[in-house]
Amino acid sequence: MTILILAQHDNKSIHPATFSTVTAATQLGENNIHLLIAGHNCENVAKTACQIAGVDKVLYASAPHYENFLAEEITPLIINLTKDETYTHILAPATSFGKNILPRIAALLDVQQISNVTEIIDANTFVHPIYTGNALATVQSDNPIKVLTLRATAFEEAEICVGKASPIEQIDPLPAVNLSRFIQREVIETERPNITTAKIVVAGGHALGSIENFKMLETLADKLGGAIGATRAAVDAGYVPNDAQIGQTGKIIAPDLYIGIGLSGAVQHTSGIRDTKTIVAINTDEKAPICEIADYTLNADLFDVLPELIEKL
Amino acid sequence: MKILVPIKRVIDHTVKVRVNSDNNAIETDNVKMTINPFDAHALEEAVHLKEIGKASEIITVTIGTEKAQEQLRTALAMGADRAILVKSNLPIDIGGVQSLDVAKTFYRIAHSEKPDLILMGKQSIDSDAGQTPQMLAALLGWPQSTYTSSLTILEEGDEQLEVAREVDGGVETLRLKTPAVISADLRLNKPRYVKLPDIMKAKKKPLEVIDLQQTTANIKLLKITEPPARAPGIKVPDVDTLIDKLKNEAKAI
């Protein structure tokens, strides 16, 4: 079997979810794993990719129209690759990057896609959450090519083996499709760890009440070396950028410690934290859903607790 | 500009879903059903575009049983001009009409209706797959914008649409040519409440029923299970106890 993985990167470094996807690929059985780095002037990314444990070959395609990973441009490149090589599986991380591109490929290959895979039973059988994670579906595909997106939190990150150097194959770019054009990206710059890979996440909800109050949460996160998370309501209120949103519309996280402050814990939010090791809820409402799933609940006013926590940690 | 808005009938997001005793489906008997919330955002955007004079006609379409007419009527009450029900008794999910079949069905509708824009939810809150808009765009050979949080119709230039998309790490702005497929995210707008006079008016709007063509389901549903429950937690009286528990019991800090 030969597996193709579409790597997520930013032309400078490889996204952590790509490493998790490689691990998932190694669980499919005895395989040849190809990792596609499509981008622009990102040879260093391809060189790093050669060192990932489990990757047998790196396919490298560079062109200006691949720089921003537009689905319309990346899709024909991958479809073309499937003409030269018989792939049994095409994988990508279940991030906004992978989820944007992979269904286009599945449709053009005339196969169904299985999204958000969290467990690989065998090369044809997979588990994925449905209904905001309230149920798990086990499904079997008899498609000639299995197209899957993988949830990063469900698979360990593959390691970098310094000194390993799998071959890099240059792939000729295809002509630009030009149906869509990239204008700009507003990236939220932060010194804090990435929310999807952070060991500790401090999340806040609407009850914080203002941007200033939300800053207290940031102080706590910085004390713990953690990332900032938020509910949809907190993002909608403008307390924090959309990048911090956890849940059905947002990030799926599985940190060692999650502290939920001033949020009720609607299922749309808590579906994103199910695999967290330790959940702490700080809430005045004893009946808030977050308290039902928390390992430790402190029923107290966040404006009393936050300064005390910051001081004592 | 003609807009097609595909919608899906789903279990209301406030319902606590239960797996049936055969472990092969979610209980839907006597459960409140609604328009998939993300589709409501797509509909709202279409209606808004019509109100500001950018859209001429809104056609809404769904696949489902006769019962899905309820959601089509709601869509008509929100402001769609006419509706199409593609009738099927199969579940619209793995084990029934799957994403690619759904995309192929809307592809056929798009070929006969020739919309300039297809606006739909970024995912349905039952299967949570988030595939159909991209599949549909690929089959049609159209550009796409997924996770769209803002949509502007441009008057000048080669591209007719400017979109903002919520992606990993921030927000991305793209320009697209039309026709295009746009998948809606929550921050695109706030869907309106349907008023009684609109519900009355919607009853008179045209609703066409057609049959679903053959599907190609090739993913088998083996079972549905509930996720393992978390161990029950404890209440802590104060900050000192919390810090102590996190340090010495959970070893989390």
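Residues numbered from 1 in each chain as written. Chains lettered and ligands numbered in written order. Predicted model: local features only at pLDDT ≥ 70, side-chain atom pairs only at ≥ 80, totals over all residues.

A. A look at the overall build of chain B. Within chain B, the secondary structure is distributed over 6 helices and 13 strands. A principal-axis box enclosing the C-alpha atoms of chain B has dimensions of 65 × 45 × 40 Å. Considering chain B as a whole, with its 253 residues, one finds that 50% of them fall into the buried category. In chain B, of all internal contacts separated by at least 6 residues, the share reaching a separation of at least 24 is 68%. (Helix = DSSP H or I, 4+ residues; strand = E, 2+ residues; numbered from the N terminus. Buried ≥ 20, exposed ≤ 12 C-beta atoms within 10 Å, placed from the backbone. Contact = placed C-beta atoms within 7 Å.)

B. Quick peek at the overall build of chain A. In terms of helices and strands, chain A carries 9 helices and 16 strands. Here chain A has a C-alpha radius of gyration of 21 Å; the compact-globule value for 313 residues is 20 Å, and the two agree. For the C-alpha atoms alone, the extent of chain A along its principal axes is close to 65 × 40 × 40 Å. Looking at chain A as a whole, 58% of its 313 residues are labelled buried. Sequence separation of 24 or more characterises 65% of the internal contacts of chain A that already satisfy a separation of 6 or more. (Rg over C-alpha atoms; globule rule 2.2 N^0.38 Å.)

C. Broad picture of the nonpolar core. If you look at the biggest cluster of nonpolar residues, it comprises 129 residues, and the most contacted ones within it are I5, L35, I37 and A49 of chain A together with V5 of chain B. Ignoring anything within four residues of it in the chain, the contact list for A49 of chain A reads A7, I14, L35, I37, V55 and V58 of chain A. Membership of the second largest hydrophobic core comes to 50 residues, among which are A221, A281 and I293 of chain A together with L246 of chain B. (Core = buried A, V, L, I, M, F, W, Y, C linked by C-beta atoms within 7 Å.)

D. The confidence of the model for chain B, seen in detail. Here chain B averages 95 in pLDDT, while 100% of its residues score no lower than 70. The ipTM assigned to the predicted complex is 0.95, against a pTM of 0.95. (pLDDT = per-residue confidence, 0-100.)

E. Here's a closer look at the sheet that holds strand β9 (residues 146–150) of chain A. Residue and element names in this part refer to chain A. With parallel pairing, the 7 strands of this open sheet are ordered in space as β5-β9-β4-β1-β2-β3-β10. Sheet topology places β5 (113–117) and β10 (168–170) at the edges, where each strand pairs with a single neighbour. Adjacent strand axes in the sheet meet at a mean angle of 25° when their direction is disregarded. Bridge count between strand β3 (residues 57–62) and β10: 3 bridges; the pairing is parallel. Within β10, the residue paired with V58 across the bridge is I168. Docked against the sheet, helix α3 (residues 71–84) engages β1 (2–6), β2 (32–39) and β3, running at close to 150° with respect to β2. (Pairing = 2+ DSSP bridges. Axes fitted to C-alpha atoms, helices over the stretch in contact; angles between N-to-C directions.)

F. Looking closely at the sheet that holds strand β14 (residues 257–261) of chain A. Pairing within the open sheet is parallel, and its 6 strands lie in the order β13(A)-β12(A)-β14(A)-β15(A)-β16(A)-β13(B). At either margin of the open sheet sits one strand with a lone partner, and together these are β13 (227–230) of chain A together with β13 (234–235) of chain B. Two elements, β14 of chain A and strand β15 (residues 278–282) of chain A, share 5 bridges in a ladder whose sense is parallel. Bridging across to β15 of chain A, G260 of chain A finds its partner in A281 of chain A. Each of β12 (200–204), β13 and β14 of chain A touches helix α5 (residues 211–224) of chain A; the most contacted strand, β12 of chain A, lies at about 170° to it.

G. The arrangement of helix α6 (residues 239–249) of chain B in detail. Residues and elements named next belong to chain B. Within α6 the residues assigned to the buried category are V239, L242, K245 and L246. Projected down its long axis, α6 carries its buried residues within an arc of 125°, all on one side. Within α6, the exposed residues directed more than 90 degrees away from the buried face are D240, D244, K247, N248 and E249. At the C-terminal side of α6, K251 shows a positive phi close to 50°. (Arc of directions from axis to C-beta.)

H. Examining the packing of α5 of chain A against helix α9 (residues 302–312) of chain A more closely. Residue and element names in this part refer to chain A. Closest axis-to-axis distance for the α5/α9 pair is 10 Å, and the angle between their directions is 25°. Considered as vectors, α5 and α9 are oriented roughly parallel to each other. Once α5 is placed against α9, the crossing between them reads as left-handed. Contacts from M216, T219, L220 and K223 in α5 reach L306, L309 and I310 in α9. Across the contact of α5 with α9, the residue classes tally to 5 nonpolar, 1 polar and 1 charged. (Parallel < 35°, antiparallel > 145°, perpendicular 65-115°, else oblique. Left-handed = near helix turned anticlockwise from the far one by under 90°. Nonpolar A, V, L, I, M, F, W, Y, C, P; charged D, E, K, R; others polar.)

I. Spotlight on the domain arrangement of chain A. Residue and element names in this part refer to chain A. When the domains of chain A are assigned, the result is domain 1 (2–170) and domain 2 (200–312). Placing a centre on the C-alpha atoms of domain 1 and another on those of domain 2 gives a separation of 32 Å. Across the side of domain 1 that touches domain 2, the residue classes tally to no nonpolar, 4 polar and 1 charged. (Domains from an automatic or database assignment.)

J. Representation of the interface of chain B and chain A. The interface is formed by 62 residues belonging to chain B together with 68 residues belonging to chain A. Considered class by class, the residues forming the side of chain B that touches chain A number 32 nonpolar, 14 polar and 16 charged.

K. Molecular detail of the pairing of strand β9 (residues 170–176) of chain B. When strand β11 (residues 180–187) of chain A meets β9 of chain B, the two strands line up antiparallel, connected through 7 bridges. In the sheet register, E186 of chain A faces β9 of chain B, and the bridge partner there is V171 of chain B. Pairing between strand β8 (residues 161–167) of chain B and β9 of chain B: 7 bridges, direction antiparallel. The residue of β9 of chain B that forms the bridge with L161 of chain B is L176 of chain B. Linking β8 of chain B to β9 of chain B, which pair antiparallel, is a turn of 2 residues; within it G169 of chain B sits at a positive phi near 85°.

L. Focus on unusual backbone geometry. Cis geometry is adopted by the peptide bond preceding P179 of chain B, which originates at T178 of chain B and carries an omega value of 0°. Even without glycine at this site, N41 of chain A takes up a positive phi of about 50°. Within the secondary structure layout, N41 of chain A lies in the loop between β2 and α2 (43–49). Positive phi is not limited to glycine here, since K114 of chain B has a value of about 50°. Looking at the secondary structure, you find K114 of chain B in the loop between α3 (99–113) and β6 (117–121). Accessibility expressed as a C-beta count within 10 Å gives 10 for K114 of chain B, which makes it exposed.

M. The environment of D172 of chain A, seen in detail. Residues and elements named next belong to chain A. Mapped onto the fold, D172 is located in the loop between β10 and β11. With 8 C-beta atoms counted inside 10 Å, the residue D172 sits in the exposed group. Between the C-alpha atoms of D172 and A63, which are 109 residues apart in sequence, the distance is 8.9 Å.

N. Region of interest: the environment of E73 of chain A. Residue and element names in this part refer to chain A. Along the chain, E73 falls in helix α3. E73 gets classed as buried once you count the C-beta atoms within 10 Å, which come to 25. Distance in space between the C-alpha atoms of E73 and A24 is 26 Å, their sequence separation being 49 residues.

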